[in-house]
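What follows is the residue order along each chain.
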Number of protein chains: 2
Amino acid sequence: MIIQTYNAAQLATLEQRFRTTFINSLSGFKSLSLIGTLNAGGQTNLAIFNSVVHLGANPAMMGFIVRPDSVDRHTLVNIRETGFFTINHVQAPFYAQAHQTSARYPEDVSEFDATGLTPEFRDTFPAPFVHESTIQCGLQLSEIIPVSANGTYFVTGTIQTVSVPADCLCDDGYLDIEKAGTLAGTSLDGYHSTARLERLSYAKTDRIPTPISFNYRL
Amino acid sequence: MIIQTYNAAQLATLEQRFRTTFINSLSGFKSLSLIGTLNAGGQTNLAIFNSVVHLGANPAMMGFIVRPDSVDRHTLVNIRETGFFTINHVQAPFYAQAHQTSARYPEDVSEFDATGLTPEFRDTFPAPFVHESTIQCGLQLSEIIPVSANGTYFVTGTIQTVSVPADCLCDDGYLDIEKAGTLAGTSLDGYHSTARLERLSYAKTDRIPTPISFNYRL
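A brief report on the enclosed structure follows. Worth saying up front: this structure is predicted, and the values here are computed from it rather than measured.

### With respect to the interface of chain B and chain A
Alright, step 1. If you look at the interface, chain B gives 105 residues, while chain A gives 105 residues.
Alright, step 2. For the pair chain B and chain A, the two sides together bury roughly 8700 Å², of which 63% comes from carbon and sulfur.
Alright, step 3. Scanning the region where chain B abuts chain A turns up 2 salt bridges.
Alright, step 4. The shortest N-O distance in the salt bridge between Arg199(A) and Asp189(B) comes to 2.8 Å.
Alright, step 5. Our count for the chain B to chain A interface comes out at 50 residue pairs in polar contact (both at pLDDT 80 or more).
Alright, step 6. Of the residues assigned to the side of chain B that touches chain A, the class counts are 52 nonpolar, 37 polar and 16 charged.
Alright, step 7. Direction of pairing for strand β13 (residues 190–199) of chain A relative to strand β13 (residues 190–199) of chain B: antiparallel, over a ladder of 9 bridges. Each residue of the ladder has a partner; that of Tyr191(A), found in β13(B), is Glu198(B).

### Quick look at the state of the cysteines
Residues and elements named next belong to chain A.
Alright, step 1. Going through the model one piece at a time under the given rule, you end up with 0 disulfides over all chains.
Alright, step 2. A disulfide-free cysteine, Cys168 has its sulfur positioned 8.6 Å from the sulfur of Cys170, the nearest such atom.
Alright, step 3. Here Cys168 falls in the buried class, since its relative accessible area comes to 2%.

### Here we look at the side chain of Asp189(A)
Alright, step 1. In this fold, Asp189(A) is placed in the loop between β12 (184–186) and β13.
Alright, step 2. In this structure, Asp189(A) is in contact with His99(A), Tyr174(B), Glu198(B), Arg199(B), Leu200(B) and Ile212(B), ignoring residues within four places of it in sequence.

### As for the environment of Glu178(A)
Alright, step 1. By the secondary structure assignment, Glu178(A) is in the loop between β11 (152–165) and β12.
Alright, step 2. Along the primary structure Glu178(A) and Ser142(A) are separated by 36 residues, whereas in three dimensions their C-alpha atoms are 29 Å apart.
Alright, step 3. In this view, Glu178(A) contacts Thr194(A), Ala195(A), Arg196(A), Phe29(B) and His192(B); residues no more than four positions away in its chain are not counted.

### Re helix α3 (residues 73–82) of chain A
All names here are of chain A.
Alright, step 1. For α3, every residue scored as buried is listed here: His74, Thr75, Leu76, Asn78 and Ile79.
Alright, step 2. In this structure, the buried side of α3 is in contact with β3 (33–38), β4 (44–49), β6 (60–66), β7 (84–89), β10 (136–147) and β11.
Alright, step 3. A positive phi of about 80° marks Gly83, the residue just after α3.

### Some thoughts on the relation of the copies chain B and chain A
Alright, step 1. Taken as rigid bodies, chain B and chain A are interconverted by a rotation of 180° and an axial shift of 0.0 Å, the fit giving an RMSD of 0.0 Å. These values place the two chain copies in the arrangement generated by a two-fold rotation axis. Minimal C-alpha distance to the rotation axis in chain B is attained by Thr194(B), lying at 2.1 Å.
Alright, step 2. Of the residues that chain B buries at the interface, 100% are likewise interface residues in chain A, meaning the two copies contact each other through the same surface.

Conventions used here
- Residues numbered from 1 in each chain as written.
- Chains lettered and ligands numbered in written order.
- Predicted model: local features only at pLDDT ≥ 70, side-chain atom pairs only at ≥ 80, totals over all residues.
- Heavy atoms only, no water.
- Contact = heavy atoms within 4.5 Å.
- Buried area = accessible area lost by both parts, 1.4 Å probe.
- Salt bridge = Lys/Arg side-chain N within 4 Å of Asp/Glu carboxyl O.
- Polar contact = N/O pair within 3.5 Å; in protein donor to acceptor, adjacent residues only side chain to side chain.
- Nonpolar A, V, L, I, M, F, W, Y, C, P; charged D, E, K, R; others polar.
- Pairing = 2+ DSSP bridges.
- Helix = DSSP H or I, 4+ residues; strand = E, 2+ residues; numbered from the N terminus.
- Disulfide = S-S within 2.5 Å.
- Buried < 20%, exposed > 50% of the residue type's maximum accessible area, 1.4 Å probe, protein only.
- Least-squares fit on C-alpha atoms with pLDDT ≥ 70 in both.

Here you go:
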């Protein structure tokens, strides 16, 4: 196998778009989420993100990266204004629409209208869920943490409500997002379905991990 | 479809392990990386992480979440001491060994020795790469950013060197990590291969995105 190596100086000399696509490939497979918000005037906004990460289970928290100079900017402004947002899994039937939310629509155009995805309001939660997504989380802003090295922000929130398909939930709490049709991303524009190899038991120093059997609650 | 909804109060009353597995499922598919470090005495350490995210392309940066009370703790201590770490993709031939690095080995046991993975030192880079992984990044610590809400840290670094399989690199900079055998993770213990649906062209407001054709450089 031929291995290609780049050092930092070589990376800096790469053509800009090549470098952006390449470096975006290096962090592995990515979560694909649609983040829904409202602005102060009640206008809906929807944007695809590939940087959502688990932050903690108690309290239940997630976080994601925002670049203020990108199309993400309306999302960040809205979260600052309202303090709430939704995270909805990108799933097989609507990934092309999810991708299209990354176009630079003007602030007065809702990406829901532009892409044909359906805003869903539940109870009094002050941000729109994506009706087409079967895994929906509503979060309250916790912190907007500046990453000083490059001007990005790590936005964190606590989960206030979560809705999932009951037939994808296992006895031990594992939610089978593959069964739910959730997709994985690569770099800036790759969309992938998945095939489970296995779940492995909690690792102990004195034994080899073994497969976990699947027991759905329904 | 039956949808199961939990609010924050209901999440708080779930049995602890169920909640941890469930909440860990909600952030979507996860990157799977082995992070290699050295302690001040030159002892190697290796730990699997599922929270590595892209942070920026110029300078090339990645970040990940660390919980100081977990088996991640040696990684964090070592990065504080030395200022360097490696990120290596978890790939199909060795994912069970990668999983096993999460066992709580004592500080004087190297997870390389315990799992049979091979430390690789290149040039003068002060942290071990994983020889079995074909996608290896060497990073210099940028910041250890506290997340005050739950005591975790967001650790960021700049890429100093990266090695990839030349036959997985496309003309436009896209690295085909699926072709390289990189896996995706779910929750705490799920391992998945992937099947590419497509890459979609940069989204514009006045057109529908179209598939990008693959042109490998080799």
